[in-house]
Amino acid sequence: SMPSGTTLVFLDGGMRSEPPLLEALAPLGQVRRFPALKPKELPAWLQRRAREKGLRLDSRVAGLIAQLVGDQKRSEEYNDLWSLANELDKLAAAAPDGVITEQLVHELSPLQREQKGYLLWDALVEGRANEATKLLNDLREQGDNPQGTLGLIAAAYRRVATARGILDEGESTAAIMRAFNFSSQFPADKLADQASRYPLERLRQAFRRIVEADFEHKSGLCDEEVALELLVQDLAAAGAPRRTAG
């Protein structure tokens, strides 16, 4: 006996079967289901929404937005599409000619401490010295321990080295996704691109420089923060520059 204009909403999580009440009401109207998206589905959702707004958003940038805002690592499902939609609206307002770029996302998207650490090593291995120094200062202002940051940098180069080994064996980015348990294509593509530009000798040099910085601090030859700052400058200066089309 529901009025014809009624919209009845059921909000449930983790339901494996249809609720009996919904089954009973289904013949009386149109049933529409909105299951929670998996993290790997977020970039495609963002691209569809961008197209509806007349925006240009490629899959790589959509993956970055999902990674920074969607918090993909903490759950097998994502239930906060409002945050992603709002982030897309904010980026759209600042996007020249309706094109949302990776640089615009980095400039405007909110970054948590873990994400700033991720962007730091990203800037290092791609040779973006100014950005790496700024991110290092941001982490310092947040109270991050220099030794922890040094460990993060070492882990970054281990990831690149592991990816390099996978590529040298003739494997694809799919193998990198499996090795690092990535939930979306974006970080695998990014890591593969970085690894492809790092010959083994350059990786060895980076590891030697990291060990030197750790020794300089622990032996008292250099202040811990100064040693870390010099390391970041040296690694970024020796990093692989970003490829350009043309």
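Predicted, not measured: the structure shown is a model, and the values here were computed from it.

Draft legend 1. Fine view of the packing of helix 7 (residues 129-141) against helix 12 (residues 224-237). Interhelical geometry of helix 7 versus helix 12 gives an angle of 155 degrees and a closest axis separation of 9 Å. One finds that helix 7 runs roughly antiparallel with respect to helix 12. Crossing angle aside, the handedness with which helix 7 passes helix 12 is right-handed. Contact residues: Ala129, Ala132, Thr133, Leu136 and Arg140 in helix 7; Glu225, Leu228, Glu229, Val232, Gln233 and Ala236 in helix 12.

Draft legend 2. Representation of the nonpolar core. The biggest cluster of nonpolar side chains holds 60 residues, and the ones touching the most others in it are Leu46, Leu57, Ile65, Ile100, Leu124, Ile153 and Tyr157. Take this core: its biggest share by element is eight residues, from helix 8 (residues 146-168). Here Leu57 is in contact with Leu46, Gln47, Ala50, Ala62, Ile65, Leu88 and Ile100, once residues within four sequence places are set aside.

Draft legend 3. A look at the confidence of the model for the protein. Summarising the model, the protein shows a mean pLDDT of 81, and 87% of its residues fall at 70 or more. Across the protein, the element-wise mean pLDDT spans from 75 in helix 6 (residues 113-125) up to 92 in helix 2 (residues 42-52).

Draft legend 4. Region of interest: the pattern of salt bridges. Going through the model one piece at a time under the given rule, you end up with 19 salt bridges. Between Arg128 and Glu126 there is a salt bridge whose closest N-O contact spans 2.9 Å. Note on Arg128: relative accessible area 17%, which makes it buried. Between Arg164 and Asp168 there is a salt bridge, with its nearest N and O atoms 3.2 Å apart. Taken together, the residues span about one helical turn, with Arg164 and Asp168 both in helix 8 at a distance of four residues. Using a relative accessible area of 18% as the deciding quantity, one classes Arg164 as buried. Relative accessible area serves as the criterion here: at 47%, Asp168 is assigned to the partly exposed category. Here the salt bridges do not stand alone but share partners, grouping Arg60, Glu102, Asp122, Glu126, Arg128, Glu131, Lys190, Asp193 and Arg197 into one network.

Draft legend 5. Molecular detail of the side chain of Thr149. Of note, Thr149 is situated in helix 8. Thr149 gets classed as buried once you look at its relative accessible area, which sits at 6%. Apart from the residues within four sequence positions on either side, Thr149 is in contact with Leu120, Leu136, Leu139, Asp144 and Leu228.

Definitions and cut-offs
Residues numbered from 1 in each chain as written. Predicted model: local features only at pLDDT ≥ 70, side-chain atom pairs only at ≥ 80, totals over all residues. Heavy atoms only, no water. Axes fitted to C-alpha atoms, helices over the stretch in contact; angles between N-to-C directions. Helix = DSSP H or I, 4+ residues; strand = E, 2+ residues; numbered from the N terminus. Parallel < 35°, antiparallel > 145°, perpendicular 65-115°, else oblique. Left-handed = near helix turned anticlockwise from the far one by under 90°. Contact = heavy atoms within 4.5 Å. Core = buried A, V, L, I, M, F, W, Y, C linked by side-chain atoms within 4.5 Å. Buried < 20%, exposed > 50% of the residue type's maximum accessible area, 1.4 Å probe, protein only. pLDDT = per-residue confidence, 0-100. Salt bridge = Lys/Arg side-chain N within 4 Å of Asp/Glu carboxyl O.

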